[in-house]
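# Structure assessment
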Amino acid sequence: MYISELIDRSMKNKNPDLVLRNANIVNVFTHEIVTGDVAVHDGIIVGIGEYTGDTNIDLKGKYIAPGLIDSHVHIESSMLSPGEFSKVIVPRGTTTIITDPHEIANVCGLDGIEYILNSSEELPLNTYVMLPSCVPATNFENSGAVLKANDLEKYINHPRVLGLGEMMNYPGVIYKDKDVMDKLNLAYKNKKRVDGHAPRIKGEGLNAYVLSGVNTDHECTTKEEMLEKLRLGMYVMIREGSATKDLKNLINGVNQYNYQRILLCTDDKHPEDLLKEGHIDYNVKLAIKNGIDPIIAIQMATINPANCYNLKDIGAIAPGYKADIIVFDDLENFNIEEVYKDGKLVGKEKMPLFTTKENDFSKVLKTVHISKIDKEDIQIYFEKERGEEVVNIISLKPHSLITEKSKAKVNIVHNKFEYDNEKDILKLAVIERHKNTGNIGIGLVENFKLKNGAIATTISHDSHNIIVVGDNDEDIVNAVNTVISMDGGIAISSFNKILGTLSLNIGGLMSNKSIEYVDCKFSKLVDVAYNSLKVSKDIDPFLTLAFLALPVIPNIKLTDKGLFDVENFEFMNISCKMN
């Protein structure tokens, strides 16, 4: 019997495979540091105390803790394949992720989910999946697929599927939409968890949302919002990614009474930030820097998410747990030096000590199905021939995905919107790319600050149509047509010349190239966006742009069907009257 072999090693009847000796062990159960050896056999921790193994590594008083867990992440947002993604986050200490593949699923449906499951199967990274609950996110846009409960049922009992991904369709919950109810019931009858997505939802609506089975939320932006959700029994994920940085706003709401219900997540993070800052290790460091007890910070990234998702064999250093272990210098700096996965050294000094292979991904290629556009396709028309018109505008907020409704006067020439170089009002367009419907939604946006160019990309959450922003039609058309010719990716145009591109051949979202290649290309795009096009430093030029198409984050967004009022969940006209 297998357990008897482990007991023999625990009782010192036989030597375990590996012993990490003389370690300061972070105990996430008792909130203390314990000095001793950790014995590992066949990838499992079999004892803590004094041990001798076949291999003995003297840590000389260094600290060890459980491998870190990202409680909510979209691999696709890294623009990397799962294998390349693992190469950058595992050496940083992340040994488990809980991913929601709704980005690739919105493009490729079940083929997208299967791609994520298959390509993460043999990685030195525990990759758990939450099945996408909102494909598409709403009925107010066109995506590449529609997934209903009976589609998801195929995977609901997959050993690495933990439940239903973020339920963004809040109105569908409280108004008991049949498709939403079917998905919630699928999770309920299979005893699976449901992730939430509930920005600014409160009161009776939040009560109903929690009652429906939603367990978590990662969209809190204020301490008050976080506390209301904690009081109703939700787990709250504090998010710190590339575009949305909530940790500093929320961390002072964490205390000795509620910290066990707090998790850490990245949600969306780009290669450049992963390489420069880190992954969940960065979130832990930032929490410590902002006054959180180091052991509590580690608990929020280990045992708390393990408990939330009922993962019984990770998140702690104790007998019976997987030997997913990080070695670091001290509690204050939290500089991770080595990473063990299942008892094997897989990362050292932030470098991977493993290789990966890419499985067949032919089903998630060639996903742009439209012809090139011209300037006539992106005009904003008005009834009057000339003059000024008061219009609704999407107003950006610094370092936030939440947008505000704004009004301004714009010039009209020959019944069309006319750019004004003196005003920071840019044209925004979302172009349907999955089924060649011809849909193009057009709006206006402020606080992007872009000058003399345009940025286009197939990354536009969550339906991932082509989205483009620019201050002139020539560059908008050039950038969009370049993205179409690449079969997905990012392009920047200025004075009708392409200044930079990144091809994203996997679903128009991810590259099969190395992280070094993607980081190099993307870093150049970031540099061009900020320094050549003068995009505001208060926003991420690509993530901010991508989320302007997501009609479930307040308050105003743009889909391929038009300008959308998120608060009232209805379309709105560009033209308006001043209050």
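Small disclaimer: the values here were computed from a predicted structure and weren't measured.

The strand order across the open sheet formed by five strands is β6-β7-β8-β9-β10, and the pairing between neighbours is parallel. For this open sheet the edge positions go to β6 (68-73) and β10 (193-196), each flanked by a neighbour on one side alone. When strand polarity is set aside, the average angle formed by the axes of neighbouring strands in this sheet is 30 degrees. In terms of strand pairing, β6 meets strand β7 (residues 94-99) through four bridges, oriented parallel.

This next bit is on a nonpolar patch on the surface. Together, Ile3, Ile7 and Met11 give the surface a local cluster of nonpolar side chains, amounting to about 290 Å² of exposed area. Relative to the assigned elements, Ile3 resides in helix α1 (residues 2-10). Ile3 sits in the partly exposed class, given a relative accessible area of 41%.

The step from Val135 to Pro136 runs through a cis peptide bond, and the omega angle for that step is 0 degrees. Structurally, the position occupied by Pro136 is in the loop between β8 (126-131) and α5 (149-152). For Asn310, which is not glycine, the phi dihedral falls at a positive 60 degrees. Note that Asn310 resides in the loop between α14 (303-308) and β14 (325-328). Here the phi dihedral of Asn496 falls at roughly 65 degrees; this positive angle occurs in a residue that is not glycine. Mapped onto the elements of the fold, Asn496 is located in the loop between β25 (489-494) and β26 (497-503).

On to the pattern of salt bridges. Going through the model one piece at a time under the given rule, you end up with 29 salt bridges. One salt bridge connects Glu474 with Lys375, and the closest N-O pair in it is separated by 3.0 Å. Taken as a pair, Glu474 in helix α15 (residues 473-485) and Lys375 in the loop between β17 (351-352) and β18 (386-396) lie far apart in primary sequence, 99 residues in all. Counted as one network, the salt bridges with shared partners bring together Glu219, Arg239, Asp246 and Asp267.

This brings us to the UniProt feature "domain: Adenine deaminase C-terminal" (unreviewed entry) in the chain. Cross-referencing UniProt, the feature "domain: Adenine deaminase C-terminal" (unreviewed entry) maps to residues 401-570 in the present numbering. Secondary structure across residues 401-570 comprises 21% helix and 35% strand; the distance between its end C-alpha atoms is 19 Å.

Let us look at the state of the cysteines. Going through the model one piece at a time under the given rule, you end up with zero disulfides. Cys220 supplies the cysteine sulfur nearest to Cys265, a cysteine that is in no disulfide, at a spacing of 10 Å. A residue is classified by how much of its surface remains accessible, and Cys265, at 0% relative accessible area, is buried.

Strand order in the open sheet made by the nine strands is β20-β19-β18-β22-β21-β24-β23-β25-β26, with mixed pairing throughout. Every interior strand has two partners, whereas the edge strands, β20 (416-418) and β26, have only one. The sheet shows a mean angle of 30 degrees between the axes of neighbouring strands, taken without regard to direction. As defined by bridge partners, β25 adjoins β26 across six bridges and the pair is classed as antiparallel. Within β26, the position partnered with Gly489 by the bridge is Ser503. Each of β21 (425-431), β23 (454-457), β24 (466-470), β25 and β26 touches α15; the most contacted strand, β25, lies at about 150 degrees to it. Lying over the sheet, helix α16 (residues 515-532) contacts β23, β25 and β26, oriented at roughly 145 degrees with respect to β26.

Right, let's talk about the packing of aromatic side chains for a bit. Within a pair of aromatic rings, the relevant descriptors are the distance that separates the centres and the angle that separates the planes. The tally for this structure, following the rule as stated, stands at eleven aromatic pairs. Ring geometry for Tyr170 versus Tyr209: centroids 6.0 Å apart, planes at 70 degrees, classification edge-to-face. With Tyr170 in helix α6 (residues 170-174) and Tyr209 in helix α8 (residues 203-211), this pair connects stretches of sequence that are 39 residues apart. For the pair Tyr170 and Tyr209, one class covers both residues: buried. Between Phe564 and Phe571, the ring centres sit 5.4 Å apart and the planes meet at 75 degrees, which makes this aromatic pair edge-to-face. Look at Phe564 and you get buried, because its relative accessible area is 0%.

Definitions and cut-offs
Residues numbered from 1 in each chain as written. Predicted model: local features only at pLDDT ≥ 70, side-chain atom pairs only at ≥ 80, totals over all residues. Heavy atoms only, no water. Pairing = 2+ DSSP bridges. Helix = DSSP H or I, 4+ residues; strand = E, 2+ residues; numbered from the N terminus. Axes fitted to C-alpha atoms, helices over the stretch in contact; angles between N-to-C directions. Patch = residues over 30% accessible without salt bridge, like charges linked within 9 Å, V, L, I, M, F, W, Y side chains within 5 Å. Areas by Shrake-Rupley, 256 points an atom, 1.4 Å probe, with all protein chains shown as cover. Salt bridge = Lys/Arg side-chain N within 4 Å of Asp/Glu carboxyl O. Buried < 20%, exposed > 50% of the residue type's maximum accessible area, 1.4 Å probe, protein only. UniProt positions renumbered as here; feature names shortened; annotations may be inferred. Disulfide = S-S within 2.5 Å. Contact = heavy atoms within 4.5 Å. Phe/Tyr/Trp six-rings, centres within 6.5 Å; stacked < 30°, edge-to-face > 60°.

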